[in-house]
Amino acid sequence: MAATGKGRVSISANSGTGTGRNGLPTIQTQKKTNEVCHDDSSAPVKAQTINELHSLQKKKSAPTTPNIGFQGPFTAGLSEEERSKQQLQSISASLASLTRETGPNVVKGDPTKQSETPRVAHVSQQSHFTPTISVSDSSLKFTHVLYNLSPAELYEQAIIYEKGSFITSSGALATLSGAKTGRSPKDKRVVRDCTTEDDLWWGKGSPNIEMDEQTFMVNRERAVDYLNSLDKVFVNDQFLNWDPENRIKVRIVSARAYHSLFMHNMCIRPTPEELESFGTPDFTIYNAGQFPCNRYTHYMTSSTSIDLHLGRREMVILGTQYAGEMKKGLFGVMHYLMPKRQILSLHSGCNMGKDGDVALFFGLSGTGKTTLSTDHNRYLIGDDEHCWSSNGVSNIEGGCYAKCIDLSREKEPDIWNAIKFGTVLENVVFDEHTREVDFSDKSVTENTRAAYPIEYIPNAKIPCVATHPKNIILLACDAFGVLPPVSKLSLPQTMYHFISGYTALVAGTEEGIKEPQATFSACFGAAFIMLHPTKYAAMLATKMKEHGATGWLVNTGWSGGRYGSGNRIKLAYTRKIIDAIHSGNLLKGNYKKTEVFGLEIPTEVEGVPSEILDPINTWSDKNAYKETLLKLGGLFKNNFEVFVAHKIGKDDKLTDEILAAGPIF
Ligand SMILES: Nc1ncnc2c1ncn2[C@@H]1O[C@H](COP(=O)(O)OP(=O)(O)O)[C@@H](O)[C@H]1O
Ligand SMILES: C=C(OP(=O)(O)O)C(=O)O
Ligand SMILES: [Ca+2]
Ligand SMILES: [Mn+2]
């Protein structure tokens, strides 16, 4: 080795310096010149101290456009200082105790970083009553507000303060949602008062379990007191609905960075300018999920309570940290607010072809809304929640929430690639050293999830709006294996299956479970609807007629026998079927009618073996097939009993047509 530069160590076998006693070349440490030894760095940093050096690292972020000329209701002519004060006052008002006189002292920023003098704000209530004890300890403390933090800031908060938060090898934030790894529909309560009494669907089959206003206020106070007792809370101010005319402003107050990042991804993210003029939210969630509800409280049947007060436009969450509760809670609110504006809210995915043809994908959890709306050849509008107004379809959300169990790069590349920095990965298992996620591991739960901003899907269409749909695809995962892979539906059949909302999943993954569990969930989302199902169905019928949309029933479940003997239809085949629906080719094909359900099934679909199109061909035991078909038909009939008396629209004729569109035997 030769000398490579000034003052470097050189090993030389035949230089003039000779050989050592053992025959190895001597190491020459002698400098060639007499210069002082420097390291390789260029200009030194402009800092005298380490603290100064650290202060150079972060530069102040500023809104992208100056405030001048922006006509927001709360910002016109305000200095940054005043605007920030108003924001804090608005948050203090949100967190105000309703049994004491003021909102909490709120201060912006991380409580551990107290370098600046804090800007403090609190609000006084306009109350006539004077409490005997005007000051409690809680009114002396500060609550720090971490307001609309960025994903990077939320990562740091989660990793430092929330046990179970890790960065995975692809850059996602892995978190645990605690004891609850799914929604708790039995713990949902809705305030029944004079407004909701007549509007909402109550009683048998309804997801709305009532509570009174007093009890809501008890739980609200419990949540607010819990949140105010903390050193810091996270506040997200965001939007729902990409239709600008029907956009809703939501505020989410929560105690975990996980919750704040989840909602950052799932709701629509405001631009800095939109945030400046945000003003008062239309709806507020108080997520105190780490804290239980009090079971001595009236109407409480467990330690979990998710409470909705439509009049107050508020939701309180106690006793569950599952983040999907917030997402689907807001969806319920939209199912109330939108129909009031003649807009249909839909539990569906939506995508659009290159030529502008739009498809909706309805279905219960696990039937394929997210998987099939995320299609590399089409623009993604959204995977789960939409509105259909006279302008067309708009996504309610700003993100997607994909199931991760058994996720594979080959079958679902777009979802796989979306699991990167910024994405929340719930309840997954990963290698402790490499942090590589094992998507097949169900140790924590089978309901592992990824929540990512919709832009993480390369062909997402931003803004997430589209024209009126051409195809309405109803997805059912039929674990009985008797529904055809695809059928074309008449309008009454579409209504019948929409109101039924059928799917059948396998009860569990344990050995020995042979019997699939049929689920009927009206409008493919009974847990989220607020009005009677016939209200949504009537709106859907009107819109489909008006825009000439075609209904389809697609079985993404079993073929060749029920669960246990048959197999789930290959995703590749389902994709081919969906392609043929989108292209319009399937509409032109030849059809035949099935027994019992009276479904029109195509005789051919490009890329799909023709023999699987009629399920009877795939069952070796034809008697077992007929028996299972009749069994499922019976379950449909039983379920529909409760809707028989309900009229859809103004005339009963449609009801008779819809009834006739069900199974006949
Ligand atoms: N033929 C199929 N069609 C659709 N999904 C399938 C099929 N076979 C297996 N799957 C799997 O089923 C799951 C569907 O879930 P998902 O798309 O998240 O449903 P949803 O969004 O309706 O809750 C995915 O994990 C997907 O990989
Ligand atoms: C988030 C949910 O939606 P899905 O399972 O339909 O994706 C849910 O039902 O909790
Ligand atoms: Ca869903
Ligand atoms: Mn989904």
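Residues numbered from 1 in each chain as written. Chains lettered and ligands numbered in written order. Predicted model: local features only at pLDDT ≥ 70, side-chain atom pairs only at ≥ 80, totals over all residues. Heavy atoms only, no water.

(A) Broad picture of empty space enclosed by the protein. Considering all chains together, one arrives at 6 cavities of 30 Å³ or more under this definition. Elements that contribute at least two residues to the lining of the largest cavity include exactly helix 3 (137–140) and helix 6 (213–229). (1 Å grid on protein atoms, 1.4 Å probe; cavity = no way out; pocket = protein on both sides within 12 Å on 5 of 7 lines; lining within 4 Å. Points joined across faces, edges and corners; volume = space filled by probe spheres on them. Helix = DSSP H or I, 4+ residues; strand = E, 2+ residues; numbered from the N terminus.)

(B) Spotlight on the site of ligand 2. All residues adjacent to ligand 2 are Arg-183, Lys-327, Lys-328, His-347, Ser-365, Lys-369, Asp-384, Tyr-401, Lys-403 and Arg-449. One nitrogen or oxygen atom from the side chain of Ser-365 is found 2.4 Å from an oxygen atom belonging to ligand 2. Between ligand 2 and Arg-449, the relevant distance is 2.7 Å, taken from an oxygen atom to a side-chain nitrogen or oxygen of the residue. Taken by itself ligand 2 offers 300 Å² of open surface, and the protein chains cover 96% of this. Of all the secondary-structure elements, those providing two or more residues to the shell around ligand 2 are helix 9 (324–340) and strand 21 (399–403). Within the shell around ligand 2, the residues separate by chemical class into 1 nonpolar, 2 polar and 7 charged. (Near = heavy atom within 4 Å. Polar contact = N/O pair within 3.5 Å; in protein donor to acceptor, adjacent residues only side chain to side chain. Areas by Shrake-Rupley, 256 points an atom, 1.4 Å probe, with all protein chains shown as cover. Nonpolar A, V, L, I, M, F, W, Y, C, P; charged D, E, K, R; others polar.)

(C) Structural context of the site of ligand 1. Around ligand 1 sit 16 residues in total, of which Gly-366, Lys-369, Thr-370, Thr-371 and Glu-412 are the nearest. Contact distances for ligand 1 include 2.8 Å between an oxygen atom and a side-chain N or O atom of Thr-370. For ligand 1, the accessible surface in isolation is 570 Å², of which the surrounding protein chains cover 88%. Looking at the shell around ligand 1, the elements that each hand over two or more residues are helix 10 (369–373) and helix 14 (571–583). Of the residues in the shell around ligand 1, the class split is 3 nonpolar, 8 polar and 5 charged.

(D) Structural detail: the coordination of the calcium ion (ligand 3). Around the calcium ion (ligand 3), the protein contributes the donor atoms Lys-328 (NZ), His-347 (NE2) and Asp-384 (OD), which lie 2.2 to 2.6 Å from the metal centre. One chain supplies every donor to the calcium ion (ligand 3), and in sequence these donors are spaced K-x18-H-x36-D. Between the calcium ion (ligand 3) and the manganese ion (ligand 4) there is a metal-metal distance of 4.8 Å. Taken together, the residues Lys-328 in helix 9 and Asp-384 in the loop between strand 18 (379–382) and strand 19 (386–389) connect sequence positions 56 residues apart. Residue classification places Asp-384 among the buried residues on the basis of a relative accessible area of 6%. (Donors = N, O, S within 2.8 Å, 3.2 Å for Na, K, Ca; no water. Buried < 20%, exposed > 50% of the residue type's maximum accessible area, 1.4 Å probe, protein only.)

(E) Structural view of a nonpolar patch on the surface. A contiguous nonpolar surface patch, about 380 Å² in accessible area, is contributed by Val-45, Ile-50, Leu-53 and Leu-56. Relative to the assigned elements, Leu-56 resides in helix 1 (residues 50–57). (Patch = residues over 30% accessible without salt bridge, like charges linked within 9 Å, V, L, I, M, F, W, Y side chains within 5 Å. Salt bridge = Lys/Arg side-chain N within 4 Å of Asp/Glu carboxyl O.)

(F) Representation of the packing of helix 4 (residues 151–161) against helix 7 (residues 257–266). Across the interface, helix 4 lies against helix 7 with an axial gap of 9 Å and an inter-helix angle of 155 degrees. The pairing of helix 4 with helix 7 is recorded here as roughly antiparallel in orientation. Seen along the crossing, helix 4 lies across helix 7 with a hand that is left-handed. Side by side, helix 4 and helix 7 meet where Pro-151, Leu-154, Tyr-155, Gln-157 and Ala-158 of the first sit next to Ala-257, Ser-260, Leu-261 and His-264 of the second. Among the residues making up the contact of helix 4 with helix 7, the classes are represented as 6 nonpolar, 3 polar and no charged. (Axes fitted to C-alpha atoms, helices over the stretch in contact; angles between N-to-C directions. Parallel < 35°, antiparallel > 145°, perpendicular 65-115°, else oblique. Left-handed = near helix turned anticlockwise from the far one by under 90°. Contact = heavy atoms within 4.5 Å.)

(G) Just the packing of aromatic side chains, in detail. Inspection of the entire model under this criterion finds 19 aromatic pairs. Aromatic side chains Phe-239 and Phe-278 sit 5.6 Å apart centroid to centroid with 40 degrees between the ring planes, which places their arrangement in the tilted category. Taken as a pair, Phe-239 in strand 10 (residues 232–240) and Phe-278 in the loop between helix 8 (272–276) and strand 12 (283–288) lie far apart in primary sequence, 39 residues in all. Across the pair, exposure class does not vary: Phe-239 and Phe-278 are buried alike. (Phe/Tyr/Trp six-rings, centres within 6.5 Å; stacked < 30°, edge-to-face > 60°.)

(H) Layout of the pattern of salt bridges. A full pass over the atoms with the stated rule returns 16 salt bridges. For Asp-237, the salt bridge is made with Arg-251, and the minimal N-O distance between the two is 2.8 Å. In this pair, Asp-237 is assigned in strand 10 and Arg-251 in strand 11 (residues 248–254), connecting sequence segments 14 residues apart. Here Asp-237 matches Arg-251 in class, with each residue buried. Each of Lys-327, Lys-328, Asp-384, Glu-385 and Glu-397 takes part in salt bridges that share partners, so that together they form one network.

(I) How the structure looks around the sheet that holds strand 26 (residues 465–466). In space, the 4 strands of this open sheet follow the order 15-19-20-26, with antiparallel pairing throughout. Of all the strands in the sheet, just strand 15 (344–346) and strand 26 have a single pairing partner and so form its edges. Against the sheet, helix 9 touches strand 15 and strand 19, its axis set at about 160 degrees to strand 15. (Pairing = 2+ DSSP bridges.)

(J) Representation of the side chain of Asn-427 within the structure. With respect to the secondary-structure elements, Asn-427 resides in the loop between strand 22 (424–426) and strand 23 (429–430). Note on Asn-427: relative accessible area 1%, which makes it buried. A distance of 2.9 Å separates a polar atom in the side chain of Asn-427 from the backbone nitrogen of Ser-177. The contacts of Asn-427, once residues within four sequence positions are left out, are Thr-175, Leu-176, Ser-177, Thr-181, Val-444, Thr-445 and Thr-448.

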